[in-house]
Amino acid sequence: MPDLPAKCSNARRLMVAGLLLVSLGGWQSPASAIPVFNRQTGQNCQACHAGGQFPELTPYGRMFKLTGYTIGSRTEIPLAMMAVASRSSVRNTSKSDDPSADFSKNDKLIFAGASVFAGGRITDNFGAFLQYTYDPYASQDASGKYHGHAAADNMDLRLVDHFVGASHDVVVGASVNNNPSVSDPWNTAAAWMQYVPVPSPSSSQFIDGATPYPGFGTGGNTSGLTAYAFIDQTLYLEAGAYRSTRGVLAFMKLGQPTSALTRVQGNAPYLRAAWNLAWGASSLMIGASTMSSRVYDDPASTGDPTTLHRFRDSSIDAQYQWLLDPHALTLQAVATRQFHRYPDALAGQLPAFVDAQGNPLAPSSPSDVLRLLRVKATYTWRATYGGGFSYFDLSGTTNSLNQTSGYDPLTGTITSSPAAAAPSTRVNGNVTGNPRTAGETLEAYWLPLQNLRIGAQYTLYQRYNGSARNYDGFGRSAADNDSLFVYAWFSY
Amino acid sequence: MRSLSCIVALSFLAQFAGCADTSRSRSLDDPKVTGRVMAEQVCSNCHGQRGLSPSENFPNLAAQQADYIDGELRSLRDKHRHDPAGAVYMWGIARQLTDAQIAQLAAYYAAQPAPAASPPPLDLSPAGRQLFMEGAADRGVLACAGCHGQKGEGNGSIPRLADQHRAYLLRQLTVLRLGPDNRPMGTVMSPVAHKLSDSDMRALADYISSM
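Just so we're clear, the structure is a prediction, and the values are computed from it rather than from any experiment.

Cut-offs used in this document
- Residues numbered from 1 in each chain as written.
- Chains lettered and ligands numbered in written order.
- Predicted model: local features only at pLDDT ≥ 70, side-chain atom pairs only at ≥ 80, totals over all residues.
- Helix = DSSP H or I, 4+ residues; strand = E, 2+ residues; numbered from the N terminus.
- Contact = placed C-beta atoms within 7 Å.
- Buried ≥ 20, exposed ≤ 12 C-beta atoms within 10 Å, placed from the backbone.
- Axes fitted to C-alpha atoms, helices over the stretch in contact; angles between N-to-C directions.
- Parallel < 35°, antiparallel > 145°, perpendicular 65-115°, else oblique.
- Nonpolar A, V, L, I, M, F, W, Y, C, P; charged D, E, K, R; others polar.
- Pairing = 2+ DSSP bridges.
- Domains from an automatic or database assignment.
- pLDDT = per-residue confidence, 0-100.
- Core = buried A, V, L, I, M, F, W, Y, C linked by C-beta atoms within 7 Å.

All right, on to the environment of Ala142 of chain A then. Mapped onto the fold, Ala142 of chain A is located in the loop between strand 3 (126-140) and strand 4 (146-164). When the C-alpha positions of Ala142 of chain A and Asp153 of chain A are compared, they lie 27 Å apart, and in sequence the two are eleven residues distant.

Have a look at this one:
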């Protein structure tokens, strides 16, 4: 977002000062043993999260969010934290030039990351959710040593009102946030469907959180302003736009390196509609969303419009919940389509690879279409024991532009040697240029405390990067990537 | 977008400056917020607008006896009720309610119209109907209607049962059977519930929820 005009400069300073005061106020009181929203309402996690399994929201949790996190009493210390310890295990680590690099931290219990949250109720009509995340494995130096880094994560500030009359019940609000759909109250939204934080080491590159999930061409660390209405708790409408983060909203990209930013040309419009129905112990949502954006190829160079990627994202989603203590059942389904037009310089290019006979491959296509189907079912008993099953299927057009493995034109072999004219990528390479990735995840979890979730996910692949077998050209099969992910997720 | 940003920033500042009133507040620790506002802005998220809950997980409160609501809210505020649902959902919500707000909430829900209902068909849960109307003298089970009224309308601190969700009724009967500590205001019900079998409870819930 560009700098505010001069007439707003004082307002900007006051706003920033206000935010700081809100964030820092009340340090004299000891922290309670539960996160900030619990402290605010005094309720158990289960009130807002289905079966207590965060972050999936109950109908009440959705209203808590839509009314701007303002239900309850303002806490003296508006802070909370979460931390994740995990262990990732890839089924087959043998087909690799350097297993210690391709599957770093495999079979090792690690501290995967931590977040600090600030926010909650600020006034009767204004509330916030601000997340700042530390990644202990954010980067690796030449010696292979990891370095930690902290940066802004999901953020959402809301101004809301709730009008109730004899014949109407309307929530209206505005959200300033940094990730398309982070403002959405349903957990089929792109920003929320994937839930357990994914550790950065490469042993986690095939765990469930790294499988295809819904997303937008314009990702996190942008800044958006959306307006929404929830009418009679039935019809939800949201519209807004996202653009590059700068100026007064720079705190929404705090700590993010330039290379990790999404730089958008102009405004990227975002639209969302959902129909919601509740009866008995059930609630059902059927919705759709769309977004159109132009994203610079290089976040550090935003002057040349010929380097723009153009995205048109659209999705339909549905969520059914059956919540009757002690049972919590949730079914989710999302289907997305993304049209991606590449910058001119990337279209019509001959790949460095050749085919097995040494003939040139087809020139790169100017655009691609990706389709994703993702469904998930979860059941939790007594907010303590639960399990889930999810299925994912990413498909799309074949494009030599996406080929990262192939025959070297000089040797006529597939080689990962850096000295080759066209070195191929082992383990996560793509020898077909097709994105098809499909599989399932089974999950079991235990919540011994309301703020501790211990779980295990096993992800099985039928297809990876376009093939069931030899997807990287080095003989690696999709099933070799099957992964076990065990985690302990704690919030305070 | 720039002007919109300004508007949002200035609106936020207005909120910081305390410009909001309490007529649509969701505050739970402000004694100036009336029971009616609390009911509309907070309680309605589970109990429904005007006390008609769309979810079987939460009781209907429309036309409930004011004395009953008053007593239960005090019991929840003071953490005397220990049933799981009461603790999970209501301890926090009720913890800072004033006596005046509790009285206002009770009066508000008592004044809400009950859903239009017709008498349950005679062939619906005959066992439940018999237990409700006549009890089971051979087992020492008193007739529900004796205290709750022939139409389940309740009386004073004795709750209205008519129009209540079946699942909620079943859960509360189970809680009462576990002992008086779970719901001190329902101590009188505990010995009655002890004499009810699971099938008795299901039959009663079938009958009462259709009243």
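After that view, the rundown keeps rolling.
Let us now look at the environment of Gly86 of chain B. Mapped onto the secondary structure, Gly86 of chain B falls in helix 4 (residues 84-94). When residues no more than four places from it in sequence are discounted, the contact partners of Gly86 of chain B are Leu76, Arg81 and Trp91 of chain B.

Moving on to the environment of Gly358 of chain A. Residues and elements named next belong to chain A. Looking at the secondary structure, you find Gly358 in the loop between strand 11 (327-341) and strand 12 (367-381). Residue Gly358 is classed as exposed on the basis of its C-beta count, with 11 C-beta atoms lying within 10 Å. Distance from Gly358 to Thr413, taken between C-alpha atoms, is 9.6 Å for residues 55 residues apart in sequence. Excluding residues within four positions of it along the chain, Gly358 makes contact with Pro409 and Gly412.

The subject of this paragraph is the packing of helix 6 (residues 126-134) of chain B against helix 10 (residues 198-209) of chain B. All names here are of chain B. It is at 7 Å that the axes of helix 6 and helix 10 come closest, and there the two elements cross at 85°. Taken together, the axes of helix 6 and helix 10 lie roughly perpendicular to each other. Listed contacts from helix 10 to Ala127, Gly128, Arg129, Leu131 and Phe132 of helix 6 are Asp200, Ala203, Leu204, Asp206, Tyr207 and Ile208. Looking at the contact of helix 6 with helix 10 residue by residue, the classes come out as seven nonpolar, one polar and three charged.

A word on the pairing of strand 15 (residues 452-463) of chain A. Residues and elements named next belong to chain A. Inspection of the sheet shows strand 14 (residues 437-449) paired to strand 15 by ten bridges, in the antiparallel sense. By the bridge assignment for strand 15, Leu449 is matched with Leu452. Between strand 14 and strand 15, which pair antiparallel one after the other, the connecting turn spans two residues.

Residues and elements named next belong to chain B. Segmentation of chain B into domains returns domain 1 (28-110) and domain 2 (126-209). When residues in the side of domain 1 that touches domain 2 are grouped by element, the largest group, five residues, is from helix 3 (residues 66-77). Looking at the side of domain 1 that touches domain 2, its residues break down into four nonpolar, seven polar and five charged.

Do not read the predicted coordinates in detail wherever pLDDT is low. All names here are of chain B. Mean pLDDT over chain B: 88, with 88% of residues reaching 70 or higher. Ranking the helices and strands of chain B by mean pLDDT puts helix 5 (residues 99-110) first, with 98, and helix 1 (residues 2-16) last, with 55. The complex model carries a pTM of 0.90, and its ipTM stands at 0.90.

Turning our eyes to something else, we now look at the nonpolar core. Generally speaking, soluble globular proteins have nonpolar side chains that are buried together. Counting residues in hydrophobic clusters, the biggest one holds 88 residues, and the most contacted among them are Cys48 of chain A together with Met38, Ile69, Leu73, Leu105 and Tyr109 of chain B. Residues contacting Met38 of chain B, with those up to four places away along its chain left out, are Val33, Cys43, Gln101 and Leu105 of chain B. Leu176, Ala193, Met201 and Leu204 of chain B belong to the second-largest nonpolar core, a separate cluster that totals 20 residues.

Turning our attention to unusual backbone geometry. All names here are of chain A. A cis amide bond, omega 10°, links Phe54 with the succeeding residue Pro55. Tracing the backbone through its elements, the reader meets Pro55 in the loop between helix 3 (45-48) and helix 4 (59-66). Note the cis peptide between Asp325 and Pro326, where omega equals 10°. With a phi angle near 60°, Tyr69 is a residue other than glycine that sits in the positive phi range. In this structure, Tyr69 sits in the loop between helix 4 and strand 1 (79-90). Judged by C-beta crowding, with 26 C-beta atoms within 10 Å, Tyr69 ranks as buried. Even without being glycine, Asn470 reaches a positive phi, approximately 50°. Within the secondary structure, Asn470 sits in the loop between strand 15 and strand 16 (483-491).

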